[in-house]
Amino acid sequence: MSKFDHVMRHFINHTEENYLKAIYALTEQSEKGVSTNSIAKILNTKASSVTEMMKKLSDKELVSYKKYYGVELTNKGRTIALTTIRKHRLWEVFLVDQLSFNWDEVHEIAEQLEHIQSEELTNRLDDFLGNPKFDPHGDPIPNSKGKIEDHRKKTTLSELNDGAVSTLVGVSDSSSLFLQHLEKRNLKLGTTIEIVNHFEFDRSLSILVNGSEQNISQRVADNLIVQPK
């Protein structure tokens, strides 16, 4: 066991890792401090429980927390969050590529596997998979140094104009129900999508997928991350 593994194993538990990962995700959406209410919502817990956890994480120097001002990750907290995210996304790739799971089946399993604390296992898994840059949902995978490299010019499908052609490269919603819905519509990563028309009434879209026209709701379009051609 490396020195890093030893520190990680005795320094933080699974629940604390989940909190750090949630704070990181919320931080990506806002430049300001993350509120305890938003953390409670994403983790489906009580705000009072979040406040108690923030005090614990602050004592461990993993977050900077001031009441009414929000929460920010420290460098230590950010490192652990990115390490957890890296493991989660690598395990998702492994489950899809090596064990033939569907992309809507892997999130919950990866939630369990991401807490394995062996840095050596994570690095070997990364090498075994060929050092993938993205997970099955199109999310970038942090490298061993915690750096995320994603140079793609991305937008949501709903932001493009009529006639625009793009490639589906990710999803904002990785819930099983949403991914199953996309499967039924043949909307998979790498799929070419052409916008035929925006409907003003409900902002739904008519699109061409593999030469076949179909309608999708604004909610679906808002959650499709595409790279314009």
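Here the structure is a predicted model, which is why all the values come from computation and not from measurement.

Caption draft 1: Representation of the environment of Ser118 in the model. Positionally, Ser118 belongs in the loop between helix H6 (107-113) and helix H7 (119-128). We classify Ser118 as partly exposed; its relative accessible area is 23%. Each C-alpha atom of the pair Ser118 and Lys56 lies 24 Å from the other, and the pair is 62 residues apart in sequence. For Ser118, the side chain forms a polar contact with the main-chain nitrogen of Leu121, separated by 3.0 Å.

Caption draft 2: Here's a closer look at the pairing of strand S7 (residues 212-216). The sheet contact formed by strand S6 (residues 205-209) and S7 spans five bridges and is antiparallel. By the bridge assignment, Leu208 is partnered in S7 with Glu213.

Caption draft 3: Representation of the layout of surface pockets in the model. The calculated volume of the largest pocket comes to roughly 1,300 Å³. For the lining of the largest pocket, the secondary-structure elements that each account for two or more residues are helix H2 (14-29), helix H3 (36-43), helix H5 (75-97), H6 and strand S4 (165-171). If you tally residues by element for the lining of the largest pocket, the top one is H2, at eight residues. When residues of the lining of the largest pocket are assigned to domains, at least three fall in each of domain 1 (1-149) and domain 2 (155-228).

Caption draft 4: The arrangement of the packing of aromatic side chains in detail. Counted by the stated rule, this structure contains two aromatic pairs. Considering the side-chain rings of Trp91 and Phe94, the 5.6 Å spacing of their centres and the 90 degrees angle between planes classify their relative orientation as edge-to-face. Remark: Phe94 and Trp91 occur in helix H5; sequence separation between them is three residues, near one turn of the helix. In this structure Trp91 comes out as buried when scored by relative accessible area, which is 12%. Here the aromatic rings of Phe94 and Phe128 are separated by 6.4 Å at their centres, their planes lie at 50 degrees, and the arrangement is tilted. Here Phe94, found in helix H5, pairs with Phe128, found in helix H7; they are 34 residues apart in sequence, far enough to count as distant. By relative accessible area, Phe128 is classed as exposed at 52%. Through a chain of ring-to-ring contacts, the aromatic side chains of Trp91, Phe94 and Phe128 assemble into a single cluster.

Caption draft 5: Representation of the domain arrangement of the chain. Looking at the chain, the domain boundaries give domain 1 (1-149) and domain 2 (155-228). Relative to domain 2, the C-alpha centre of domain 1 lies at a distance of 28 Å. Counting residues at the interface gives seven residues for domain 1, matched by 12 residues for domain 2. Around 750 Å² of area is buried between domain 1 and domain 2 when both sides are counted, 59% of it from carbon and sulfur atoms. Looking only at domain 1, the three residues that lose the most surface to domain 2 are Trp103, Asp104 and His137, adding up to 77% of its buried area. Taken together, domain 1 and domain 2 are joined by zero salt bridges. Our enumeration of links across domain 1 and domain 2 arrives at four residue pairs in polar contact (both at pLDDT 80 or more). A breakdown of the residues in the side of domain 1 that touches domain 2 according to their chemical character gives two nonpolar, two polar and three charged.

About the criteria used
- Every chain's residues receive numbers from 1 upward, in the order its sequence appears when written.
- Per-residue local features are limited, in this predicted model, to residues with pLDDT of at least 70; the limit for side-chain atom pairs, both in listing and counting, is 80 or more; totals at the level of whole chains, interfaces and linings are taken over all residues.
- Processing note: side-chain calculations cover all non-hydrogen atoms of the structure and skip hydrogens and water entirely.
- Secondary structure counts use DSSP, requiring at least four H or I residues in a row for a helix and at least two E residues in a row for a strand, with both numbered from the N terminus.
- To sort residues, take the accessible area from a 1.4 Å probe on protein chains only and compare it with the maximum for the residue type: under 20% means buried, over 50% means exposed, and anything in between is partly exposed.
- Here a polar contact is taken to be a pair of N or O atoms separated by no more than 3.5 Å, where protein atoms must pair a possible hydrogen donor with a possible acceptor and residues adjacent in sequence count only if both atoms sit in side chains.
- When DSSP finds at least two bridges between two strands, those strands are taken to pair.
- Each cavity reported here is a set of points on a 1 Å grid over the protein atoms alone in which a 1.4 Å probe fits but cannot get out, each pocket an open set with protein on both sides within 12 Å along at least five of seven lines, and each lining residue one with an atom within 4 Å of a point.
- Grid points are joined across faces, edges and corners, and a volume is the space filled by probe spheres set on the points.
- Domain delimitation follows an automatic or database domain assignment.
- Any pair of Phe, Tyr and Trp rings, taking the six-membered ring for Trp, is counted once the centres come within 6.5 Å. Such a pair is stacked with planes under 30 degrees apart, edge-to-face with planes over 60 apart, and tilted for the rest.
- In what follows, residue pairs with any heavy atoms lying within 4.5 Å of each other are defined as contacts.
- As used here, buried area is the combined drop in accessible area, with a 1.4 Å probe, of two parts when they are placed together.
- In what follows, salt bridge is the name for a side-chain nitrogen of Lys or Arg lying within 4 Å of a carboxyl oxygen of Asp or Glu.
- Following the grouping adopted for this structure description, the nonpolar residues are Ala, Val, Leu, Ile, Met, Phe, Trp, Tyr, Cys and Pro, the charged ones are Asp, Glu, Lys and Arg, and the polar ones are all others, Gly among them.

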